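Overview (structure and organization)
Each chain is listed here by its residues.
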Amino acid sequence: MNDILLPVIFVILALAVIGSLAILLVRGRRTPPGMYSSPRDPDDQVEGGGTHGATSTDVLERPDGLPTGVLVPNDLSGLEEAPAPRLDTVDPVQGRLARLRARLVRSNNALGKGLLALLSRDNIDEDVWDEVEETLLMADLGTEPTMELVDALRERVKVTGSRNPAEVRDMLREELVKLVDPTMDRSLATQRHADRPAIVMVVGVNGVGKTTTVGKLARVLVADDKDVLLGAADTFRAAAAEQLATWGARVGVPTVKSDVDGADPASVAFEAVKTGIEQEVDVVLIDTAGRLQNKVGLMDELGKVKRVIEKQGTVDEVLLVLDATTGQNGLNQARVFAEVVNITGIVLTKLDGTAKGGIVVAIQRSLGVPVKLIGLGEGADDLAPFDAEGFVDALLS
């Protein structure tokens with residue numbers, strides 16, 4: 001029995017060995033780990049480390065270790081970066097001043113021309129002086145300034161006896177410049193402090209163009225190489241925050257705003273100043289809700305906004321925006337706002353067309369606060385620092 005089994009076992013083992021050798025001969029030698037026998041597809045994975053992943057391009061190797069020279073392109077090489085938003089080109093301050101003066105000459109010089117025509121008559125009697133007084137009052141100069149100007153001109157004309165138009169114009173110019181008062185400090189307190197930005201609040205009633213003024217003021221500051229941040233604390237008017245953010249985005253200025261309708265304006269203002277401090281900006285501009293000056297609760301809330309802001313730093317500038325076409329009504333608004341917050345400067349908008357140039361003098365006299373900025377139109381750069389002598393020259397041109 002053993003004689004039969006041993007040969008059978010040897011035969012089976014021999015067949016197994018031969019079969020294994022046959023399979024190896026058919027399949028050939030296997031590729032070493034980490035190698036490819038043909039060019040890789042971009043999504044092939046390298047095992048054992050290889051050269052993949054070190055740079056943005058990969059070199060493949062043949063099984064014998066020789067480089068094929070086949071490069072796999074970076075999958076991101078064909079993609080383009082999204083273009084940066086195009087920012088507006090902001091007009092320099094001096095350029096816009098010249099343009100605004102030219103517009104003022106064209107649109108608001110009836111006051112100066114009317115006065116020159118009256119004072120250049122051969123016979124300046126009481127009737128002429130009555131007309132001069134009426135012209136000044138119609139220009140919203142105000143009663144007290146009007147009487148001062150008429151009395152000063154009466155005396156000078158009487159002493160000199162001059163009827164020469166050029167001489168009369170010089171006298172009128174000198175007296176008007178005195179009334180507009182070039183000695184008032186019209187600079188904006190926008191210089192950064194050592195540890196925090198300058199803080200500017202902008203206030204005013206509904207409809208005077210307050211949010212637009214904040215956006216235009218941001219452009220003025222950007223033109224002056226200031227790093228600006230906006231705070232959208234007007235949380236009551238629909239889309240006010242979005243409007244302000246749009247103005248800021250046009251010149252690369254960020255806006256802090258709330259996504260909640262009717263959010264607490266004081267909280268938004270506080271967060272804007274906090275962000276400005278953290279980001280080390282130069283100026284934080286706070287837009288507040290337009291308020292009717294006869295609404296006691298709303299005016300008290302405006303005072304609250306200022307108090308909350310000042311937990312982080314003193315408000316350096318409070319600018320009151322007034323519509324120049326409202327005339328004496330603007331004076332009433334100014335007085336009430338001055339009682340609630342310490343107004344440091346006036347921004348007169350729409351000082352063209354039907355606006356009366358005398359309102360500049362009347363407001364300054366009423367509040368003892370200078371007009372610091374004027375706007376003469378709807379253009380993005382139609383806001384500029386106020387210059388007393390330039391304003392009078394435009395009126396008399």
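Our subject in this report is the structure included herewith. Keep in mind the model is a prediction, meaning the values are calculated, not measured.

Structural notes on the sheet that holds strand S4 (residues 228-233)
- Strand order in the open sheet formed by eight strands is S5-S4-S6-S3-S7-S8-S9-S10, and the pairing between neighbours is mixed. One side of each edge strand has no neighbouring strand; the edge strands of this open sheet are strand S5 (255-256) and strand S10 (383-385).
- Judged from the six bridges that link them, S4 and strand S6 (residues 283-288) form a sheet pairing that is parallel. Within S6, the position partnered with Val-228 by the bridge is Val-283.
- In the packing of helix H8 (residues 240-250) onto the sheet, contacts are made with S4, S5 and S6, and the angle to S4 comes to roughly 170°.
- Helix-sheet contacts for helix H9 (residues 265-278) involve strand S3 (198-203), S4, S5 and S6, and the interaxial angle to S4 is about 165°.

Some points on the environment of Val-305
- Among the structural elements, Val-305 can be located in helix H10 (residues 296-309).
- Judged by relative accessible area, Val-305 falls into the buried class, the value being 1%.
- Excluding its chain neighbours within four sequence positions, the residues that come into contact with Val-305 are Met-201, Pro-265, Ala-266 and Ala-269.

Describing unusual backbone geometry
- With a phi angle near 65°, Asp-225 is a residue other than glycine that sits in the positive phi range.
- Take Asp-225: it is sitting in the loop between helix H7 (210-223) and S4.
- Overall, Asp-225 belongs to the exposed group, its relative accessible area being 70%.
- One non-glycine residue with positive phi stands out, namely Glu-280, at about 55°.

Considerations on the nonpolar core
- Counting residues in each nonpolar core, the largest one holds 91 residues, and the members touching the most others are Leu-285, Ile-346 and Leu-348.
- Looking at this core element by element, the count peaks at seven residues for helix H6 (residues 165-180).
- In this view, Leu-348 contacts Leu-322, Ala-324, Ile-359, Val-360, Ile-363, Val-371, Leu-373, Ile-374 and Gly-375; residues no more than four positions away in its chain are not counted.

Quick word on the pairing of strand S9 (residues 371-375)
- Most of S9 is tucked away, with five of its five residues classed as buried.
- Bridge count for strand S8 (residues 345-349) against S9 is three bridges, and the pairing is parallel. Paired with Val-347 across the two strands is Leu-373, which belongs to S9.
- Both S9 and S10 contribute to a ladder of three bridges, which runs antiparallel. Across the sheet, the residue bridging to Gly-375 is Leu-383, located in S10.

Notes on the pattern of salt bridges
- This structure, assessed with the given rule, holds 15 salt bridges.
- Among the salt bridges present, the one from Glu-126 reaches Arg-154, with a minimum N-O distance of 2.7 Å. Of this pair, Glu-126 sits in helix H4 (residues 126-138) while Arg-154 is found in helix H5 (residues 143-160), placing the two residues 28 residues apart along the sequence.
- Taking relative accessible area as the criterion, Glu-126 reaches 45% and is therefore assigned partly exposed.
- By relative accessible area, Arg-154 is classed as partly exposed at 29%.
- The salt bridge partner of Glu-144 is Arg-365, with a shortest N-O separation of 3.8 Å. Of this pair, Glu-144 sits in helix H5 while Arg-365 sits in helix H12 (residues 359-367), and the two are 221 residues apart along the sequence.
- Overall, the relative accessible area of 36% leaves Arg-365 in the partly exposed class.

Some words on the layout of surface pockets
- By volume, the largest pocket amounts to about 300 Å³.
- Counting residues per element, the lining of the largest pocket draws most heavily on H7, which supplies five residues.
- A per-class count over the lining of the largest pocket returns three nonpolar, 11 polar and seven charged.
- Considered as a void within the structure, the second largest pocket measures approximately 220 Å³ in volume.
- Forming the walls of the second largest pocket are 16 residues, and the residues nearest its centre are Thr-235, Ala-241, Glu-242, Ser-258 and Asp-261.

Details of the packing of H7 against H8
- Two elements in contact, H7 and H8, have axes whose closest approach is 9 Å; the angle formed by their N-to-C orientations is 20°. Compared by their axis directions, H7 and H8 come out roughly parallel. Like other packed secondary-structure pairs, H7 and H8 cross with a definite hand, here right-handed. Mapping the contact onto sequence places Thr-211, Thr-212, Val-214, Gly-215, Lys-216 and Arg-219 in H7 and Ala-240, Gln-243, Leu-244, Trp-247 and Arg-250 in H8.

Structural notes on the environment of Gly-248
- Looking at the element boundaries, Gly-248 is found in helix H8.
- Judged by its relative accessible area of 0%, Gly-248 falls in the buried class.
- It is 8.3 Å that separates the C-alpha atoms of Gly-248 and Leu-229, two residues lying 19 residues apart in sequence.
- Excluding residues within four positions of it along the chain, Gly-248 makes contact with Leu-230 and Val-253.

Re the packing of H4 against H5
- Relative to each other, H4 and H5 sit at 145°, their axes nearing to 9 Å. With respect to the hand of their crossing, H4 and H5 are arranged in right-handed fashion. On H5, the residues that touch Glu-126, Trp-129, Val-132, Glu-133, Leu-136 and Leu-137 of H4 are Thr-143, Thr-146, Met-147, Leu-149, Val-150, Leu-153, Arg-154 and Val-157.
- Within the contact of H4 with H5, the residues separate by chemical class into nine nonpolar, two polar and three charged.

About the thresholds
Residues numbered from 1 in each chain as written. Predicted model: local features only at pLDDT ≥ 70, side-chain atom pairs only at ≥ 80, totals over all residues. Heavy atoms only, no water. Pairing = 2+ DSSP bridges. Helix = DSSP H or I, 4+ residues; strand = E, 2+ residues; numbered from the N terminus. Contact = heavy atoms within 4.5 Å. Axes fitted to C-alpha atoms, helices over the stretch in contact; angles between N-to-C directions. Buried < 20%, exposed > 50% of the residue type's maximum accessible area, 1.4 Å probe, protein only. Core = buried A, V, L, I, M, F, W, Y, C linked by side-chain atoms within 4.5 Å. Salt bridge = Lys/Arg side-chain N within 4 Å of Asp/Glu carboxyl O. 1 Å grid on protein atoms, 1.4 Å probe; cavity = no way out; pocket = protein on both sides within 12 Å on 5 of 7 lines; lining within 4 Å. Points joined across faces, edges and corners; volume = space filled by probe spheres on them. Nonpolar A, V, L, I, M, F, W, Y, C, P; charged D, E, K, R; others polar. Parallel < 35°, antiparallel > 145°, perpendicular 65-115°, else oblique. Left-handed = near helix turned anticlockwise from the far one by under 90°.

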